[in-house]
Number of protein chains: 2
Amino acid sequence: MARIVSVQATDVRFPTSLTQDGSDAMNKDGDYSAAYVVIRTDDPALSGYGFTFTIGRGNDVCVLAAEQRGLPLVGMSVEEVVADLGGVYRHLKSDSQLRWLGPEKGVEHLAMAAVMNAVWDLAARVAGKPLWRLLVDMTPEELVDVADLSYLSDVLTRDEAVALLAELAPTREARVAELAETGYPCYTTSAGWLGYSDDKLRRLCQEAVDAGYRHVKLKVGANLDDDIRRLRIAREVIGDDAQLMIDANQVWDVPQAIEWVGALAEFRPLWIEEPTSPDDVLGHAAVRRAVAPIGVATGEHGMNRVLFKQMFQAGAIDYCQLDAARLASVNEILAVYLMARKFGVPVCPHAGGVGLCELVQHLSIFDYVAVSGTLEDRVTEYVDHLHEHFVDPCVVENGAYTLPSRPGYSAEMRADSVAAHTYPTGAYWAGAAGSSGA
Amino acid sequence: MARIVSVQATDVRFPTSLTQDGSDAMNKDGDYSAAYVVIRTDDPALSGYGFTFTIGRGNDVCVLAAEQRGLPLVGMSVEEVVADLGGVYRHLKSDSQLRWLGPEKGVEHLAMAAVMNAVWDLAARVAGKPLWRLLVDMTPEELVDVADLSYLSDVLTRDEAVALLAELAPTREARVAELAETGYPCYTTSAGWLGYSDDKLRRLCQEAVDAGYRHVKLKVGANLDDDIRRLRIAREVIGDDAQLMIDANQVWDVPQAIEWVGALAEFRPLWIEEPTSPDDVLGHAAVRRAVAPIGVATGEHGMNRVLFKQMFQAGAIDYCQLDAARLASVNEILAVYLMARKFGVPVCPHAGGVGLCELVQHLSIFDYVAVSGTLEDRVTEYVDHLHEHFVDPCVVENGAYTLPSRPGYSAEMRADSVAAHTYPTGAYWAGAAGSSGA
């Protein structure tokens, strides 16, 4: 069996700030980037690919952290790794010196996500299955064994977790067959970036409706008059029956969030996303009580499972938007899905950025098939950017992610894309006057 | 006036893992380290010094992050910086690309602390005052202007903060005079590291009593029988009237914390420190309800002011142990002190590590003089390690920190210490078989 010979991380950046793709009230000039990890084995045909997502400066800090975090993998046999994906996770996580720098948050946690995403990609490739199928083929006990339930036993025990999964295990294949027909429903954020003109907003909303989307999301929070004007345009174009979501990207204090969202209530948003600090569990709970029936959504900056545990305990959110490259891979994400199921909160993963859509499609499919068993109130983010850089890009048809079929986690980037966009030495950055220079 | 010409960070590590100094149930082999920042100006006699504290591997990641974070300072005039310490803080914090990597937590926040600690050291040197005196000489309005109150307005408005400080302003100098006589009370953790033998524990407890300490802290959480034996020894030596504190360093889930602390109740600990994940506000609140009258203390891993806000709102802690190198310097620490005052929670800062004692003495003195006005239930940590590496080391006499008198934040390390312990090229690491290699 093959052995792991290296874990290498690369600083890949795309110059998205030039077009204001991705602009919002907090993040005005992001250069969408990936700390891109490749686990190489002594079998040239077998590697694992993963990444975490950043928006530019500091991507090099994540690269350094990811290479350090991945070092213990070097020399391990692939067989050993894929046979104990819970043990490998715990081993990488157990470095007490690195733990001090979080614990389990910030750069070190992003780096852990990048490395473990690559481990899961490797495991799916060894199994010859797309990641969602690898997970769907695991028993409830096997899934719970890889889930990180530490610090969670006050709300979810191992036995409860197994029981939740066992309930739906007999009917998994029926839901796989259903999704093979319909795909997993998604919504688009591509229309609503703050830096776009009214005309572009109107055109993109119309294109979203024409493409079959039933949900459209707009960025808000920089200027109330602008928000009212933009929401009016969007509501006109998408009609009364489609759903409109709004996203403030953490710009408000709690009282301000309540006031501002109140001023936008006439446009009947389904949810307000990131109304305040992502760390503020009690703040989200207060906003939720005040703005109902408008829902509260957050999670793309939800740092770890302990944060989500409290969001559920406090009744702070209506929608859980976990992030596949911020939580420490499937091991931690499984724990959040299990808690969400117990508390009855729908998970609508964050996506966009670089490659997040490629990852979350696997998670959402697995969720429906094995954890939640329902599509009610579920819709996964989709942003039509940067997919051309991936070897196995996600495919969205009629407002739904189609089922990935190639082995792996769809995380591998095209070699030519990586080479051109490696920062600062790749052809793009060496040639262009890039805006991302630190 | 001078101009800032460089912000340089150095990876300084001390081989503390060799002697098990600092060993606890979570952190078994730390090499106490500092990502050490020097802000140089074009005046060779004027520099600012600061750091964040880590326990070894990953210190280089903090160094890289600190150099990036400090770049906007280069070229600024020192006059401009010291005249607007709130503005400088907000300017460094406003980098939206770096914000994505937290926000305000983990490596990026540690780096922000290191840089801004050096800015505050520089400001105190320019004023020719020790940091505590620089703060004591600021008006309530000036203090609130530099405090980071963002995301806090649901519990503390600017006007409330000014009013809290104004109440004690007229009597500040009386308390300065009092502390000049008595010093600020501290307790020692030097006795209780987990890796020490029973004989060494007994001897160190006796030495603590002999040195005038009224509080002794022991590490717990690895083995219950060991904990019972060690607490019995400590209680025998220090007697019934002195205070015994215990510290689990986050090793327990919530139900386990409640059970374990219950089994140690006969030794009447004043507080249980870090019973579970430092992120778990609701978990700490549950532990606190269950183990009363034993108090709950946490904060050395308290990531930012939003976490502390919730700890106060939820009634989760009896003692707030903020960390001077994890929170983003005086700007953020001031906000936590103000909230603690409003909620009536005593602040007993975390110290030890490398240089934390040097920093927190300034904060505790300022707290008594200008914010809390009381010493009741207050005691600041002191660990007698590594002070020899500092130019202006703290001085503890009869269980109390004496008032620092030299200009600055006492953060400057000796040049020979930095040179010898720079990792991995300094004389110590190049010559020794260091244990900290990543």
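Parameters at a glance
All residue numbers refer to positions counted from 1 along the written sequence of the respective chain. Chain A is the first chain written and ligand 1 is the first ligand written, with later ones labelled in order. This being a predicted model, a pLDDT of at least 70 is required before a residue's local features are given, and a value of 80 or more before pairs of side-chain atoms are given or counted; all residues contribute to the totals for chains, interfaces and linings. Just so you know, side-chain values use all the structure's heavy atoms and leave hydrogens and water out. Pairing between two strands is assigned when DSSP locates at least 2 bridges connecting them. Strands are runs of DSSP state E lasting at least two residues, helices are runs of H or I lasting at least four, and both sets are numbered from the N terminus onward. Inter-axis angles, ranging from 0 to 180 degrees, are taken between N-to-C directions of lines fitted to C-alpha atoms, where helices are fitted over the stretch in contact. Contacts are assigned to residue pairs that have any heavy atoms within 4.5 Å of one another. A simple way to read buried area is as the amount of 1.4 Å-probe accessible surface that goes missing from two parts once joined, with both sides added. The salt bridge definition used is simple: a Lys or Arg side-chain nitrogen within 4 Å of an Asp or Glu carboxyl oxygen. We call two N or O atoms a polar contact when they sit within 3.5 Å, provided that within protein one can donate a hydrogen and the other can accept it, with sequence-adjacent residues counted only if both atoms are side-chain atoms. Every residue is assigned a pLDDT by the predictor, reflecting its confidence on a scale from 0 to 100. The classification of residues rests on relative accessible area computed with a 1.4 Å probe and restricted to protein chains. Under 20% of the type maximum is buried, over 50% is exposed, and intermediate values are partly exposed. The copies are overlaid by a least-squares fit using only the C-alpha atoms of residues whose pLDDT is at least 70 in both copies. What the arc describes is the spread of directions from the helix axis to the C-beta atoms. UniProt positions are given in the numbering used here, feature names are shortened, and annotations may be inferred rather than shown by experiment. We call Phe, Tyr and Trp rings a pair once their centres come within 6.5 Å, taking the six-membered ring for Trp, and we label the pair stacked below 30 degrees between planes, edge-to-face above 60, and tilted otherwise. Definition used: whenever NZ (Lys) or CZ (Arg) falls within 6 Å of the ring centre and also within 35 degrees of the ring normal, the charge is taken to sit over that ring. Oblique is the label for any angle not covered by the other classes, which are roughly parallel (under 35 degrees), roughly antiparallel (over 145) and roughly perpendicular (65 to 115). By convention, the crossing between two helices is left-handed when the near helix turns anticlockwise from the far helix through less than a right angle, and right-handed when the turn is clockwise. Lys, Arg, Asp and Glu make up the charged group, whereas Ala, Val, Leu, Ile, Met, Phe, Trp, Tyr, Cys and Pro make up the nonpolar group; the residues left over, Gly among them, are polar.

So, the sheet that holds strand β2 (residues 33-41) of chain B
Residues and elements named next belong to chain B.
- Here three strands make up an open sheet; going across it, the order is β1-β2-β3 and the pairing antiparallel. Single-partner strands in this sheet number two, and they are β1 (4-13) and β3 (47-54). Strand-to-strand twist across the sheet, computed as the mean angle between neighbouring axes with direction ignored, equals 15°.
- Of the strand pairs in this sheet, β1 and β2 are connected by nine bridges, and their pairing is antiparallel. Bridged to Val 12 within β2 is Ala 34.
- The sheet strands contacting helix α1 (residues 59-70) are β1, β2 and β3, and the helix crosses β1 at an angle near 170°.

Describing the side chain of B:Asp280
- You can see B:Asp280 is positioned in the loop between β7 (271-273) and α13 (281-291).
- If near-sequence neighbours (up to four positions away) are discounted, B:Asp280 is found in contact with A:Tyr151, A:Asp154, A:Val306, A:Lys309, A:Gln310, B:Val254 and B:Met311.

Observations regarding the interface of chain A and chain B
- Contacts between the two partners involve 64 residues from chain A and, on the opposite side, 64 residues from chain B.
- Interface area for chain A against chain B, summed over the two sides, is near 5,300 Å², with a carbon-plus-sulfur share of 55%.
- Looking at the side of chain A facing chain B, the largest losses of area belong to A:Gln97, A:Trp100 and A:Tyr151, adding up to 18% of the total buried there.
- One can count six salt bridges joining chain A with chain B.
- In this structure, B:Lys309 and A:Asp280 form a salt bridge, with 2.6 Å as the shortest nitrogen-oxygen distance.
- Here chain A and chain B share 37 residue pairs in polar contact (both at pLDDT 80 or more) between them.
- Going through the elements one at a time, β3 (47-54), α1 (59-70), α4 (96-99), α5 (106-127), α12 (254-263), α13 (281-291) and α14 (305-313) of chain A are the ones with two or more residues in the side of chain A that touches chain B.
- The element that contributes the greatest number of residues to the side of chain A that touches chain B is α1(A), accounting for six residues.

What to know about the confidence of the model for chain A
- Summarising the model, chain A shows a mean pLDDT of 95, and 98% of its residues fall at 70 or more.
- In this model residues 434-438 of chain A is a low-confidence stretch, pLDDT under 50, and it forms 18 contacts with partners more than four residues away in sequence or in other chains.

Describing the side chain of B:Arg69
Residue and element names in this part refer to chain B.
- For Arg 69, the location among the structural elements is in helix α1.
- Looking at Arg 69, its side chain comes within polar contact range of the main-chain oxygen of Leu 92, at 2.9 Å.
- Only 3.0 Å separates the side chain of Arg 69 from the side chain of Glu 108, close enough to count as a polar contact.
- Sequence-distant contacts of Arg 69, defined by excluding residues within four places in its chain, comprise Leu 92, Lys 93, Asp 95, Leu 98, Glu 108, Met 112 and Val 115.

A few points about the pairing of β3(A)
Residue and element names in this part refer to chain A.
- The element β3 is largely enclosed, with a buried count of eight among its eight residues.
- Residue alternation in β3 divides its side chains into two sets, Ser 47, Tyr 49, Phe 51 and Phe 53 and Gly 48, Gly 50, Thr 52 and Thr 54, and both sets are buried.
- Sheet topology places strand β2 (residues 33-41) next to β3; eight bridges connect them, and they run antiparallel. Looking at the pairing, Val 38 lines up with Tyr 49 of β3.

So, the relation of the copies chain A and chain B
- Taken as rigid bodies, chain A and chain B are interconverted by a rotation of 180° and an axial shift of 0.0 Å, the fit giving an RMSD of 0.0 Å. Both chain copies can therefore be described as sitting about a two-fold axis. The position closest to the rotation axis in chain A is occupied by the C-alpha of A:Gly106, lying 2.1 Å away.
- Same-surface contact between copies: 100% of interface residues of chain A are shared with the interface of chain B.

Concerning α12(A)
- Of all the residues in α12(A), the buried ones are A:Val254, A:Ala257, A:Trp260 and A:Val261. Seen from one end, α12(A) has its buried residues packed into an arc of 125°, which puts them on one side.
- Buried residues belonging to α12(A) abut α11 (224-238), β7 (271-273) and α13 of chain A together with α14 (305-313) of chain B.

Here we look at the UniProt feature "domain: Mandelate racemase/muconate lactonizing enzyme C-terminal" (unreviewed entry) in chain A
- Residues annotated by UniProt as "domain: Mandelate racemase/muconate lactonizing enzyme C-terminal" (unreviewed entry) correspond here to residues 198-294 of chain A.
- Between the first and last C-alpha atoms of residues 198-294 of chain A the distance is 25 Å; the span itself is 51% helix and 13% strand.

Overview of the pattern of salt bridges
All names here are of chain A.
- In total, this model carries 64 salt bridges over all chains according to the counting rule given.
- When the shortest N-O distance is used, the salt bridge between Glu 273 and Lys 217 registers 2.7 Å. With Glu 273 in strand β7 and Lys 217 in strand β5 (residues 215-219), this residue pair connects regions lying 56 residues apart in the sequence. Residue Glu 273 shares its accessibility class with Lys 217, and that shared class is buried.
- In this structure, the salt-bridge partner of Asp 226 is Arg 229, at a minimum N-O distance of 3.0 Å. Residue Asp 226 and its partner Arg 229 are both found in helix α11; the two are separated by three residues, about one turn of the helix.
- What makes Arg 229 partly exposed here is its relative accessible area of 35%.

Description of the sheet that holds β3(A)
All names here are of chain A.
- Strand order across the open sheet formed by three strands is β1-β2-β3, with antiparallel pairing between neighbours. Edge positions in the open sheet fall to β1 (4-13) and β3, since each of these has one partner strand only. The mean inter-strand angle of the sheet, taken between neighbouring strand axes irrespective of direction, is 15°.
- Here α1 sits on the sheet and contacts β1, β2 and β3; the angle it forms with β1, its principal contact strand, is near 170°.
- Those strands touched by α5 are β1, β2 and β3, and its axis lies near 150° from that of β3.

What about unusual backbone geometry?
Residue and element names in this part refer to chain A.
- With omega at 10°, the peptide bond leading from Ala 292 into Pro 293 counts as cis.
- Inspection of the secondary structure assignment puts Pro 293 in the loop between α13 and β8 (295-298).
- With a phi angle near 45°, Glu 274 is a residue other than glycine that sits in the positive phi range.
- Along the polypeptide, Glu 274 turns up in the loop between β7 and α13.

Here's the deal with the packing of aromatic side chains
- Applying the stated criterion to the full structure yields 22 aromatic pairs over all chains.
- The interplanar angle of 50° and the centroid separation of 4.8 Å between the aromatic rings of A:Trp271 and A:Tyr319 together place this pair among those described as tilted. Residue A:Trp271 is located in strand β7, and its partner A:Tyr319 is located in strand β9 (residues 319-320); the two are separated by 48 residues in the primary sequence.
- Taken together, the ring pairs in this structure connect A:Tyr32, A:Phe53 and B:Trp100 into an aromatic cluster.
- Over the ring of A:Tyr423 we find A:Arg13; its NZ or CZ atom is 3.8 Å from the centre of that ring.
- Just above the ring of B:Tyr196 sits the side chain of B:Lys200; from NZ or CZ to the centre is 3.9 Å.

Concerning the environment of B:Pro140
Residues and elements named next belong to chain B.
- Within the fold, Pro 140 resides in helix α7 (residues 140-146).
- For Pro 140, a relative accessible area of 10% corresponds to the buried category.
- Residues Pro 140 and Arg 341, 201 residues apart in the sequence, show an inter-C-alpha distance of 14 Å.
- Non-local contacts of Pro 140, meaning those with residues more than four positions away in its chain, are made with Val 162, Leu 165, Ala 166, Ala 169 and Arg 172.

Re the environment of B:Asp145
All names here are of chain B.
- The residue Asp 145 is located in helix α7 in this model.
- Asp 145 sits 95 residues away from Gly 50 along the chain, and the two C-alpha atoms are 22 Å apart.
- Ignoring anything within four residues of it in the chain, the contact list for Asp 145 reads Gly 86, Arg 90 and Arg 158.
- Looking at Asp 145, its side chain comes within polar contact range of the side chain of Arg 158, at 2.4 Å.

What to know about the packing of helix α10 (residues 198-210) of chain B against helix α11 (residues 224-238) of chain B
Residue and element names in this part refer to chain B.
- The interhelical angle for the contact between α10 and α11, taken along N-to-C directions, is 30°, at an axis separation of 9 Å. Relative to α11, α10 is oriented roughly parallel. Seen along the crossing, α10 lies across α11 with a hand that is right-handed. Counted together, Asp 198, Leu 201, Arg 202, Cys 205, Gln 206 and Val 209 of α10 and Arg 229, Arg 230, Ile 233, Ala 234, Glu 236, Val 237 and Ile 238 of α11 form the full contact between these two elements.
- When its residues are assigned to classes, the contact of α10 with α11 shows seven nonpolar, one polar and five charged.

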